[in-house]
Amino acid sequence: MIPYGKQNITDEDIAAVIETLKSPFLTSGPKVAEFEAAFAKYIGCKYAVAVANGTAALHISCMALGVKPSSKVITTPITFSASANCVRYCGGEVVFADINQETVLLDIEKVRNLLNQHPKGTFEGIIPVDFAGYPVDLEAFRKLADEFGLWILEDSCHAPGGSFVDSIGKNHRCGDGSLADLAIFSFHPVKHIATGEGGMVTTNDEELYKKLKQFRSHGMIYQGDPALIENHGGWYMELQELGYNYRMPDVLCNLGISQLKRAEEGLEKRQVIAKRYNGAFAGTKVKIIIPPANVSHAYHLYVIQIEDRKGLYDFLRTKQIYAQVHYIPVHLMPYYKGLGSKAGDFPNAEKYYEHCLSIPIYPTLTEEEQEFVISEILGFVK
Ligand SMILES: *Cc1c(COP(=O)(O)O)cnc(C)c1O
């Protein structure tokens, strides 16, 4: 059986988990800060906050950015629904804008139109997604956001290690805090770095960083923090805001530290597989997405677009190749339809959904398996 994505757990990973299981701390111990520091270094940002999962990362990010019931936030319909749901957790309104057909990313021109059609101040923020691992052009989004006084929360779940070179030749890694206010990552098993459950928020903004740490642990302020209003003694802590228990356990943080050591190697393997697929599908009926030279794609997913998507999906399953569809447009989910969106609202996203299929890509996918996937797909579309 060949799935579309798969984690890779080594003996070192297992040893790291056991080491922490035998330590005094199962959660909220030294491995949390160690993982945060290592992750921040890898991504190239100042601060990182480990949380229970990517969805929790999105939720406390929206809280830190001040999303409230009157807030309107723009995102893409082609993403995992959590990218939109986080706004709803804070009572805000999700406003979708269509994707660009070539990149499958949130179309900045559609966002610009939306902003121009409403009085300034209508929208508060944008949640662009580095879909499939293709880094969003945050240089352009930052410019637009600044023009309209918006914040940017980058959903980088698909793109740890992805990057792009901006118009003055500066390289920006996804989530490095140079252009977006906040970025988030997930360590779900199909993602680049797998801890089962886990997530991270990254930023260069100290104020946001402090809020994130507070919201991750009930909204509590602990000993040693100058923000304490009173101090009754060593036991004293203070609930200043309403937060959640979104902490990531030490056991999983140490697994994350171990996984992170192989992140660059895994990324390179994904890029090698993508290159092979690109070569095999070039000039065929299989439509592929080739990013421009200034973009380094992280290839969480390798998406193809074909005429008979359902036919190919079903056919591949008979060959034990478990391709997947990413994503059913979020605005077509019954929950969001209930809030007013409908079929026909975002034609590019809906057309993409009719034809997209994510084919297997993960670091341990063998060359033989890659060739098998290629030959079965080409055999079908011929
Ligand atoms: C995986 C994912 C999430 C959610 O992460 P979890 O850790 O599963 O909560 C959010 N956004 C995108 C784009 C994702 O792929």
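Computed from a predicted structure; not experimentally measured.

Conventions we followed
- Residues numbered from 1 in each chain as written.
- Predicted model: local features only at pLDDT ≥ 70, side-chain atom pairs only at ≥ 80, totals over all residues.
- Heavy atoms only, no water.
- Helix = DSSP H or I, 4+ residues; strand = E, 2+ residues; numbered from the N terminus.
- Contact = heavy atoms within 4.5 Å.
- Polar contact = N/O pair within 3.5 Å; in protein donor to acceptor, adjacent residues only side chain to side chain.
- 1 Å grid on protein atoms, 1.4 Å probe; cavity = no way out; pocket = protein on both sides within 12 Å on 5 of 7 lines; lining within 4 Å.
- Points joined across faces, edges and corners; volume = space filled by probe spheres on them.
- Nonpolar A, V, L, I, M, F, W, Y, C, P; charged D, E, K, R; others polar.
- Domains from an automatic or database assignment.
- Near = heavy atom within 4 Å.
- Areas by Shrake-Rupley, 256 points an atom, 1.4 Å probe, with all protein chains shown as cover.
- Pairing = 2+ DSSP bridges.
- Patch = residues over 30% accessible without salt bridge, like charges linked within 9 Å, V, L, I, M, F, W, Y side chains within 5 Å.
- Salt bridge = Lys/Arg side-chain N within 4 Å of Asp/Glu carboxyl O.
- Buried area = accessible area lost by both parts, 1.4 Å probe.

1. Re the environment of Arg88
Along the chain, the position of Arg88 falls in helix α4 (residues 82-89). A C-alpha to C-alpha distance of 8.9 Å links Arg88 and Lys68, two positions 20 residues apart in sequence. Sequence-distant contacts of Arg88, that is, excluding residues within four places in its chain, are made with Val94, Tyr335, Tyr336 and Leu339. Engagement of the side chain of Arg88 in a polar contact is seen with the backbone oxygen of Gly92, the distance being 2.7 Å. Separated by 2.9 Å, the side chains of Arg88 and Tyr335 make a polar contact.

2. Things to note about the layout of surface pockets
The computed volume of the largest pocket comes to approximately 580 Å³. Along the walls of the largest pocket sit 24 residues, with Lys213, Gln214, Arg216, Tyr222 and Asp225 positioned nearest its centre. Within the residue set of the lining of the largest pocket, elements represented by two or more residues are α2 (30-43), α7 (206-216) and β11 (220-221). Here the lining of the largest pocket gets four residues from one element, more than from any other, and that element is α7. Of the residues assigned to the lining of the largest pocket, the class counts are nine nonpolar, eight polar and seven charged. Counted as a void, the second largest pocket has a volume near 330 Å³. Contributing to the lining of the second largest pocket are 23 residues, with Phe80, Ser186, His188, Lys191 and Tyr327 lying nearest its centre. Taken together, the elements giving at least two residues each to the lining of the second largest pocket come down to α3 (54-64), α4 and β9 (182-186). Examining the composition of the lining of the second largest pocket, we find that three residues originate from one element, α3, more than from any other. Class assignment of the residues belonging to the lining of the second largest pocket gives a composition of nine nonpolar, eleven polar and three charged. Two domains each put at least three residues into the lining of the second largest pocket: domain 1 (2-260) and domain 2 (263-381).

3. With respect to unusual backbone geometry
A cis amide bond links His326 to the next residue, Tyr327, at an omega of 0°. The phi dihedral of Ser28 is positive, around 55°, even though this residue is not glycine. Here Ser28 is to be found in the loop between α1 (11-21) and α2. For Ala132, which is not a glycine, the phi torsion comes out positive at approximately 70°.

4. A closer look at the site of the ligand
Near the ligand lie 14 residues; those nearest to it are Gly54, Thr55, His158, Ser186 and Lys191. In the environment of the ligand, an oxygen atom lies 2.6 Å from a nitrogen or oxygen atom belonging to the side chain of Thr55. Between His158 and the ligand, the recorded distance is 2.8 Å, taken from a side-chain N or O atom to an oxygen atom. In the complex, 92% of the free accessible area of the ligand, which totals 380 Å², lies under the protein chains. The element best represented in the shell around the ligand is α3, accounting for three residues. Taken together, the residues of the shell around the ligand break down into four nonpolar, eight polar and two charged.

5. Thoughts on empty space enclosed by the protein
Within this structure, the stated rule accounts for three cavities of 30 Å³ or more. In this structure, the largest cavity occupies an estimated 70 Å³ of space. Taken together, Ala132, Ile289, His297, Tyr299, Leu301, Tyr302 and Val303 form the lining of the largest cavity. Tallied by class, the residues present in the lining of the largest cavity amount to six nonpolar, one polar and no charged. Along its surface, the second largest cavity is lined by Leu115, His118, Pro119, Lys120, Gly121, Thr122, Phe123, Phe148 and Leu150.

6. Comments concerning the sheet that holds strand β13 (residues 295-296)
In spatial order, the strands read β8-β7-β13; together these three strands make up an open sheet with antiparallel pairing. The open sheet has two edge strands with one neighbour each: β8 (171-173) and β13. As paired elements, strand β7 (residues 163-165) and β13 share two bridges and run antiparallel to each other. By the bridge assignment, Ser163 is partnered in β13 with Ser296.

7. Describing a nonpolar patch on the surface
On the surface, a nonpolar cluster with roughly 430 Å² of combined accessible area is contributed by Ile9, Ile14, Ile18, Leu21 and Leu26. With respect to the helices and strands, the residue Leu21 is situated in helix α1.

8. A word on the domain arrangement of the chain
Accessible area lost on assembly of the parts is the figure often given for the size of an interface. Looking at the chain, the domain boundaries give domain 1 (2-260) and domain 2 (263-381). The C-alpha-based centres of domain 1 and domain 2 are spaced at 25 Å. Listed by partner, the interface residues are 44 residues for domain 1 and 47 residues for domain 2. Both sides together, the interface formed by domain 1 and domain 2 hides about 3800 Å², and carbon and sulfur atoms give 61% of it. Linking domain 1 with domain 2 are one salt bridge. Glu264 is the salt-bridge partner of Arg173, the closest N and O atoms lying 3.2 Å from each other. One can count 22 residue pairs in polar contact (both at pLDDT 80 or more) joining domain 1 with domain 2. Counted by class, the side of domain 1 that touches domain 2 contains 24 nonpolar, 13 polar and seven charged residues.

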